[in-house]
Amino acid sequence: MDLSPGALILCSLLCSVAGQAPVVSVEPRTATVRQGESVSFRCQVGRGAQPVQLEWKRANNQALPDNAKLGPDGSVLTVANTRPGNQGQYRCVGANSAGRSTATAVLNVKHAPKVRLTPAGPLRVRMGVPVSVECRATGRPHPTLTWKRQGSTLQLVTAETNDVNTIKWAAVRPEDSGVYICQAVNNEGVTEVKVEIIVEGGAGAPVAVVSNTEMTVVEGHVVTMECRASGSPPPVITWSKLRAPLPWKHTLVGGVLTLTSVGRQDSGQYICNATNIHGYSEAYTQMEVETPPYATCLPDQVRLQPGDSLRLQCLAHGSHPIQFVWSRVGRGSLPAGAETTKDGRLLIAHVKLGDSGTYKCVTTNHIGSSEALAKVIIKA
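So, how was this worked out
- Position labels on residues start from 1 in each chain and follow its written sequence.
- Given that the model is predicted, a residue must reach a pLDDT of at least 70 before its local features are reported, and side-chain atom pairs must reach 80 or more before they are shown or counted; all residues, however, enter totals for whole chains, interfaces and linings.
- With hydrogens and water stripped out, all remaining heavy atoms of the structure feed into the side-chain values.
- The numbering of helices and of strands both runs from the N terminus, where a helix is a DSSP run of H or I of at least 4 residues and a strand a run of E of at least 2.
- We compute the radius of gyration over the C-alpha atoms and compare it with the globule rule, which gives 2.2 Å times the number of residues raised to the power 0.38.
- The buried label goes to any residue with under 20% of its type's maximum accessible area, the exposed label to any with over 50%, and the partly exposed label to all in between, with areas taken from a 1.4 Å probe on protein chains only.
- The criterion used for residue contact is that any of the two residues' heavy atoms lie within 4.5 Å.
- Two cysteine sulfur atoms make up a disulfide if the distance between them is within 2.5 Å.
- Ring pairs shown here join Phe, Tyr and Trp side chains whose ring centres sit within 6.5 Å, with only the six-membered ring taken for Trp; geometry is labelled stacked below 30 degrees between planes, edge-to-face above 60, and tilted in between.
- UniProt positions are given in the numbering used here, feature names are shortened, and annotations may be inferred rather than shown by experiment.

### Re the overall build of the protein chain
Move 1: Along the protein chain, the regular secondary structure elements total one helix and 31 strands.
Move 2: Computed over C-alpha atoms, the radius of gyration of the protein chain comes to 35 Å, more than 25% over the 21 Å expected from 2.2 N^0.38 for 380 residues, which places it beyond the range of a compact globule.
Move 3: Across its three principal axes, the protein chain shows a C-alpha extent of roughly 115 × 85 × 30 Å.
Move 4: Every one of the 380 residues in the protein chain was classed for burial, and the buried ones make up 38%.
Move 5: Put simply, of all contacts in the protein chain between residues at least 6 apart along the chain, 63% involve residues at least 24 apart.

Structure below.
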């Protein structure tokens with residue numbers, strides 16, 4: 001039977017579709033989520049002979065993770081409660097009788113750093129031997145690594161190569177004993193891992209140890225810091241303060257430093273030094289003195305006319321965070337239209353005669369509270 005030209009064209013189109021391998025695409029092609037969030041990828045068939053079978057797999061041909069689910073028709077891949085191990089490529093494979101094609105999606109999972117030390121410690125080493133500890137971290141975004149000594153905020157000088165940050169001693173000394181912290185930081189969080197290094201002295205060399213490497217105390221209290229030292233002959237123990245003299249209200253008896261009525265200015269790093277004929281050893285205590293707030297008002301007295309604006313500022317010295325609360329003495333509440341701010345300001349755009357009075361600012365932190373008064377006089 002002869003076919004018309006139109007029939008030939010239609011047959012040609014149908015035959016080419018019937019023998020055409022599928023063409024698939026994935027949306028989105030790249031997705032970045034935080035750990036714990038969910039994400040979905042959709043695989044779409046652009047053209048190809050039906051039926052087209054869709055299959056999802058990892059790019060390395062591994063099985064899908066247990067927290068990955070497929071939609072009813074197999075086109076949508078959802079990864080729920082993502083974890084760092086879900087990061088990587090996912091491949092959608094479309095197959096029909098004429099062939100197969102693939103499209104790839106990339107999943108990035110942002111997560112806080114995970115840190116590993118080599119060796120993990122604690123490390124017991126002889127005085128004079130070389131020591132090094134490597135710190136490695138994974139995370140997305142890529143974390144920044146730093147080392148510090150527990151009880152000190154100073155960043156230590158270290159060597160960094162190929163994403164490994166290494167702290168090294170060419171020859172450890174007794175005063176190098178202590179806890180060292182590798183800190184990894186990225187936009188998703190901060191992770192710290194500690195390693196203790198214990199330097200065992202040579203014959204008779206002193207080794208100093210403090211009872212507390214970190215302490216937080218309240219202003220006005222009595223504080224004791226105890227330092228013990230081994231060695232032969234018995235070491236002489238002294239105390240000093242980093243970049244400052246010891247507080248004048250102090251006593252030192254048998255390695256115990258006592259500070260009476262500490263103030264905010266006494267915060268800092270205290271150093272115990274043990275010395276004998278074989279050498280010396282240092283140990284450190286970091287002390288932070290917290291203080292209740294001390295409030296003042298600026299100005300503490302103001303004279304205004306009706307219609308003027310009132311601006312009072314409450315200031316407070318003390319340990320943060322500090323909360324500010326304004327009230328009017330003898331009244332249940334502030335005047336209508338009064339505004340207060342978190343940083344201690346009281347504002348009234350246009351005062352009235354009835355706004356005269358004494359205003360009180362109460363400042364509070366986790367240690368205590370104090371108040372300050374401001375007198376407002378309004379006369380026509």
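Now that the structure has been shown, the text picks up again.
### Digging into the state of the cysteines
Move 1: Per the counting criterion, the structure on display carries four disulfides.
Move 2: Across the disulfide from C227 sits C272; the S-S distance is 1.9 Å. Sign of the S-S torsion, about -70° for the bond between C227 and C272, identifies this disulfide as left-handed. Placement of the pair is C227 in strand β18 (residues 223–230) and C272 in strand β22 (residues 268–276), with a sequence separation of 45 residues.
Move 3: The buried category is assigned to C227, whose relative accessible area is 2%.
Move 4: Residue classification places C272 among the buried residues on the basis of a relative accessible area of 0%.
Move 5: The disulfide partner of C314 is C361, and the gap between their sulfur atoms is 2.1 Å. Looking along the S-S bond of the C314-C361 disulfide, the torsion reads about -85°, which is the left-handed sense. Of this pair, C314 sits in strand β26 (residues 310–317) while C361 sits in strand β30 (residues 357–364), and the two are 47 residues apart along the sequence.
Move 6: Look at C314 and you get buried, because its relative accessible area is 1%.
Move 7: Owing to a relative accessible area of 0%, C361 belongs among the buried residues under this scheme.

### Quick look at unusual backbone geometry
Leaving glycine aside, a negative phi is the common case for residues, and trans is the common case for peptide bonds.
Move 1: For the bond from E27 to P28, the omega torsion is -10°, close enough to zero to count as cis.
Move 2: With respect to the element layout, P28 can be found in the loop between β1 (23–27) and β2 (30–34).
Move 3: Here the phi dihedral of N81 falls at roughly 50°; this positive angle occurs in a residue that is not glycine.
Move 4: Tracing the backbone shows N81 in the loop between β6 (76–79) and β7 (88–96).
Move 5: N81 gets classed as exposed once you look at its relative accessible area, which sits at 53%.
Move 6: Although it is not a glycine, R243 adopts a positive phi angle of roughly 60°.

### Points about the packing of aromatic side chains
Move 1: Summed over all chains, the structure comprises one aromatic pair.
Move 2: Ring centres of W169 and Y180 lie 5.0 Å apart, and the angle between their planes is 75°; on these two criteria the pair is classed as edge-to-face. On the criterion of sequence distance, the pair formed by W169 in strand β13 (residues 164–169) and Y180 in strand β14 (residues 178–186) is long-range, its members being eleven residues apart. Across this residue pair, the class does not change: W169 and Y180 are buried.

### Some words on the UniProt feature "domain: Ig-like" (unreviewed entry) in the protein chain
Move 1: The sites that carry the UniProt feature "domain: Ig-like" (unreviewed entry) are, in the present numbering, residues 22–108, 113–198, 206–290 and 293–379.
Move 2: In residues 113–198, the share of helix is 0% and the share of strand is 63%. The end C-alpha atoms are 27 Å apart.
Move 3: Secondary structure over residues 293–379 splits into 0% helix and 54% strand, and the C-alpha atoms at its two ends are 34 Å apart.

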